[in-house]
Every structure is written in structure tokens, then in C-alpha cells.
Amino acid sequence: MLDFLLLLSIFSYQRVIPEEMKFEEALRHKSYPLSNVVFSIPSVYDIGQISKYYVIFDSSLLNLNFEYFRDSLWTLDCYPRFFYGKKKYGVVIEPQFRVGAVRGWPNIKWQNLVCGAYSRAYLYYDFPGFLVMAGRNRISLNLEGLMAEEDPPVDLILFVHRGKHFDFSFFTGQLDSKIPKDSSKFFETGKLYNRYISGHSLQYKLKNFSCSFSEIAIFYSRTNTPDFYFLNPFMLYHPRVLDAVEGGEHNVFWIISANYWGAKYSTHLEFLVDDFYLPDPDQWAPHKLAWIFKFYSLDLPFRNSISGFCYSGATRWTYTHGLSLLYYENRSEVMGALNENDFDKIEIFSRKHFGDRFDLRGALWFKRKGEGSVNEKDIYWESGIDYPREYFLTGVVEKRFGQGLEVEWRDKRFLIRVSAEHDLIWNKGHEPEKKGSEWRIKVLGSFRVL
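Quick caveat, the model's predicted, so the values are computed rather than measured. (Residues numbered from 1 in each chain as written. Predicted model: local features only at pLDDT ≥ 70, side-chain atom pairs only at ≥ 80, totals over all residues. Heavy atoms only, no water.)

Caption draft 1: How the structure looks around the overall build of the protein. Looking only at helices and strands, the protein has 4 helices and 24 strands in total. Relative to its 450 residues, the protein shows a buried fraction of 52%. For the protein, the computed accessible surface area is about 20,800 Å², with 63% contributed by carbon and sulfur atoms. (Helix = DSSP H or I, 4+ residues; strand = E, 2+ residues; numbered from the N terminus. Buried < 20%, exposed > 50% of the residue type's maximum accessible area, 1.4 Å probe, protein only. Areas by Shrake-Rupley, 256 points an atom, 1.4 Å probe, with all protein chains shown as cover.)

Caption draft 2: Highlighting empty space enclosed by the protein. All told, the structure shown has 4 cavities of 30 Å³ or more when counted by the stated rule. The calculated volume of the second largest cavity comes to roughly 230 Å³. If you go around the second largest cavity, you meet 19 residues; those closest to its centre are K22, P33, S35, N142 and N259. Here the lining of the second largest cavity gets 3 residues from one element, more than from any other, and that element is helix α1 (residues 19-29). When the residues that make up the lining of the second largest cavity are grouped by side-chain class, the tally is 6 nonpolar, 8 polar and 5 charged. (1 Å grid on protein atoms, 1.4 Å probe; cavity = no way out; pocket = protein on both sides within 12 Å on 5 of 7 lines; lining within 4 Å. Points joined across faces, edges and corners; volume = space filled by probe spheres on them. Nonpolar A, V, L, I, M, F, W, Y, C, P; charged D, E, K, R; others polar.)

Caption draft 3: Quick peek at the nonpolar core. By size, the foremost hydrophobic cluster in this structure holds 45 residues, and its most contacted members are F39, L146, M147, I197, Y319 and Y328. Per-element accounting of this core gives the leading share, 4 residues, to strand β10 (residues 154-162). Discounting chain neighbours no more than four positions away, the residues touching Y328 are L146, M147, I197, I216, I218, F253, Y319, V334 and M335. (Core = buried A, V, L, I, M, F, W, Y, C linked by side-chain atoms within 4.5 Å. Contact = heavy atoms within 4.5 Å.)

Caption draft 4: Representation of α1. Here α1 lies mainly inside the structure; 8 of its 11 residues are buried. Turning to α1, its buried residues number three or more, namely E20, M21, K22, F23, E24, E25, A26 and L27. In the core, the buried residues of α1 are packed alongside β14 (248-261), β15 (265-275), β16 (288-298), β17 (305-314), β20 (343-354) and β21 (358-369). Phi turns positive one or two residues past the end of α1, at K30, with a value near 55°.

Caption draft 5: Quick peek at the confidence of the model for the protein. Chain-level statistics for the protein give a pLDDT mean of 87 and a share of 90% at 70 or above. Note that pLDDT drops below 50 for residues 1-12; the model gives that stretch 46 contacts with residues more than four away or on any other chain. (pLDDT = per-residue confidence, 0-100.)

Caption draft 6: Quick peek at the layout of surface pockets. Considering only enclosed or pocket space, the second largest pocket measures out at about 550 Å³ in volume. Around the second largest pocket, the lining is made up of 18 residues, and of these H238, D275, F276, Y277 and W381 lie nearest the centre. Sort the elements by how many residues they give to the lining of the second largest pocket and β14 lands first, with 4 residues. Residue composition of the lining of the second largest pocket, grouped by class: 9 nonpolar, 5 polar and 4 charged.

Caption draft 7: How the structure looks around unusual backbone geometry. Of note, the amide linkage connecting I41 to P42 takes the cis form, showing an omega dihedral of 0°. On the secondary structure map, P42 appears in the loop between β2 (37-39) and α2 (55-58). Omega for the peptide link from L300 to P301 comes to 5°, which places this bond in the cis form. The phi angle at Y319 is positive, at roughly 75°, despite the residue not being glycine. Within the element layout of this structure, Y319 appears in the loop between β17 and β18 (329-330). Not every positive phi belongs to a glycine, and R331 is a case in point at roughly 55°. Tracing the chain through its elements places R331 in the loop between β18 and β19 (333-334). Judged by relative accessible area, which is 14%, R331 ranks as buried.

Caption draft 8: Main features of a nonpolar patch on the surface. On the surface, L61, F82, Y84, Y89, I93, Y118, Y125, F127, F447, V449 and L450 cluster together to form a nonpolar patch covering roughly 940 Å² of accessible area. When residues of the nonpolar patch are traced back to their parent elements, those giving at least two are β4 (74-85), β5 (89-100) and β7 (114-127). (Patch = residues over 30% accessible without salt bridge, like charges linked within 9 Å, V, L, I, M, F, W, Y side chains within 5 Å. Salt bridge = Lys/Arg side-chain N within 4 Å of Asp/Glu carboxyl O.)

Caption draft 9: The arrangement of the pairing of strand β12 (residues 196-205) in detail. In terms of burial, β12 is largely enclosed, as 8 of its 10 residues are buried. Note: strand β11 (residues 166-174) against β12, 9 bridges, orientation antiparallel. Pairing of G173 across the sheet is with I197, part of β12. Where β12 hands over to strand β13 (residues 209-221), the hairpin turn is made up of 3 residues, counted between the paired strands. (Pairing = 2+ DSSP bridges.)

Written as C-alpha cells, this is what we have:
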């Protein structure tokens, strides 16, 4: 008999403007969002041109958002969002409050009653050809293989220089602090360590084409102060170990990304390198890679629609490290849109607009997931023993075939989005021949107060 699971949830951290709408608006207006490092509020720094379907929410001074999740326990989140913006500058403040069960971030309760934190609080200023943002925010990079809108926030400073054919971006900030429980020669067990993140990106762009090279480093130091090497935006981070004896360690990622915009379609690629090992006759090690490929098309197979497909995946041990301080995570959540490794997934979808107020979206997907996990420690990093030869779709592979249906309705002040998803599962939980079924129901609500 198929196992049956029904989850009922209301998510306010879904994007008010769906991701594919960014690409649809760009194609229809021939105004392509070529910047590869963006943030979503205001939407002009995310989609380039505000969607006609969501302009009322982008100009809102105060929005009220909420999230309700229930399975065997219940969680209720509420976070009002204040946004004040002029043509060149603005401020965003978004506190978050949670009652009920603790799951994910925020997770520290006051008087065993309510969790509270700031999910956004930042100031931005747009100079001619130059953008600066400082504070707590959620920023996106390329196709979000490493940094995504849904990630826990980061306290950071972001600089973006926009030229005619080249953009250069740099950001640096602090992640959550940790007390390592594992042992290593690189840190003291039981000591609190501050963890930092820095990233820079160089992008080449034409009217309808862009490509970029980006690098991100997570690091710490034994002095609990930032390593100034990683605060220099003009040096590669990877050779840090060759520069001097470190007082800490780092975990570096490289990203190659490209985008092409046609008359009524667009293609997008992101290739992520966590580690790429050169041949070594004395020791074999797998490459740690991830990838995302997306294709979008206008008015196919319906008029007034956006359709597309996506293929994504990651090999085993991607996002992991031999030191727990350098796992690619923030506030106990893996960063990026993929959220896991040792998997691949293909998805097709179509979103149809029925006027300016109603959308219908359908999707199909197939996913394979090996036994690897982003929570497993890379024990081979420091011990020097050989890795297992299998490093992609390892062990008993769980397989899922899913379908989803989403409806959205909006008026001048209120938006509601309801989606239902269903998975048929083979080798469920990596148990051979075990079958299962899973239902998920999601509802998003956003209300414009002012």
C-alpha cells in the first residue's frame, strides 16, 4: 500500500513575483535583466522592469505577510514589510515573528512563547553606474545555485559597478556563529567561531547575452576577526592557502554562468565547481560539481503564457567540507536553490495568464536522489584516505515522479496563491522496492496595507 502524507502550509517566503515572470517580462519588453547579483525589493533590482501583474505590490509602502505550517505540529509566522523608496535610494525593514513549533530559522524563543528576528533591514543607494547596499538582506546570484531568495538572510555590504559591457560585483558579510563539536587541528572544540562570507563576480554583457565568472568563499579565523585577504575584491580566493600560513580555513566555490535571450525564448546555464581534482596517481578523489540549465519560451503552447523546463543536479559531497565550520550553510540551512547533493531533477511547466488578475500554472518533474547528503561530513578531506568510486546517484536511488497545479488571484490590495503537488515515489527513503506517495499543499498570502 502506498504511504500517504498530506502537508498543509502557507508560505510567505515564496516570491510574490514568481521566478519565471522575471524572464517573461524581459522577453516581452526586450529589457533584459543582465545583472547577475540582485535583490528582490524593490523589484527593479531583480527583474529590470516591474511586471504589470505585480506593480501594486512593488510600490507598496507596507505589506503584511504570514505563514502557517501544520503537520503533527503547527507554526505561525507573521512579518510586516516596510519599504520606503525614492528614485535612487530606499530602505527596507522586515521583522519576523513566530509562535508554535520551532522549525528552521528563526529558532530561539522568548519566554517559551515567540521567536523574533529581522529577515530584512537594509539601505540601498543607486549612484550613476554604481549600486551600494548595506544591512541584512537576501541576495540572489545567477540561477541561485549558491545564493537564493529563499535563503536565511545575511548581514553584508554589497557593491555593484555597472559598465557598458562589464559589471563587477563584490559583497562581504557574516554568517551565523558556531561552536564546533567535532575535533580538528584547525580549530578548538567548544570555542565559538564567527563565520564569514565574501564573493565577487565579473560579468560580460551585450544586448541579449551575458556570461560571468563568480567566486564565493566561506571562511573563519582563530582570532574571530575577518581575514582581510577575503575582503580584497581583486584577488582570487582559492590560492589563499599558498599565500601564507592561515589561522583558519576556507571553502571556495567557482561559478560559470551564461544567458542568451532570443526573440521569444531564452536559455540560461550555471555550472558550479566546489572542488575539481587534478589527476593524482597516489589518491583518487571525485569532482564536486552542481549545475542548473533553464529554457523559457513565450506563448507556447498557449497565448499569454510562459513555459519552460529546467535540469539541475549535484554530485555527492558538493556543499560539504571536512570541517563543520565550513559547511555551505547559514543558520542551519543549506544556502542556494538546490539545497542538496547527489541528485538530478528535470521539470517542465507552463503558466497561463487569464487577464491581469488570474494565473494557472501546471508542472511535471522527475527526480533521482542518491544516498549522499549535505549533512554528511567529508571525512576524506583531512584523513587522506580514498573516496568511494561512486560519487553521483550513489547507493539505492530514490525516484520521484511528480505533478503540480497552481492558481493565483490578485486584486489591487491582496494576492493569494494556492498550489497542490503530488509525488509518486520508488525506493522511498532509499529502501529497495519500497513505494510511497506524498501530497503537498501551499498557500501564499500578501496584503497591501499602504
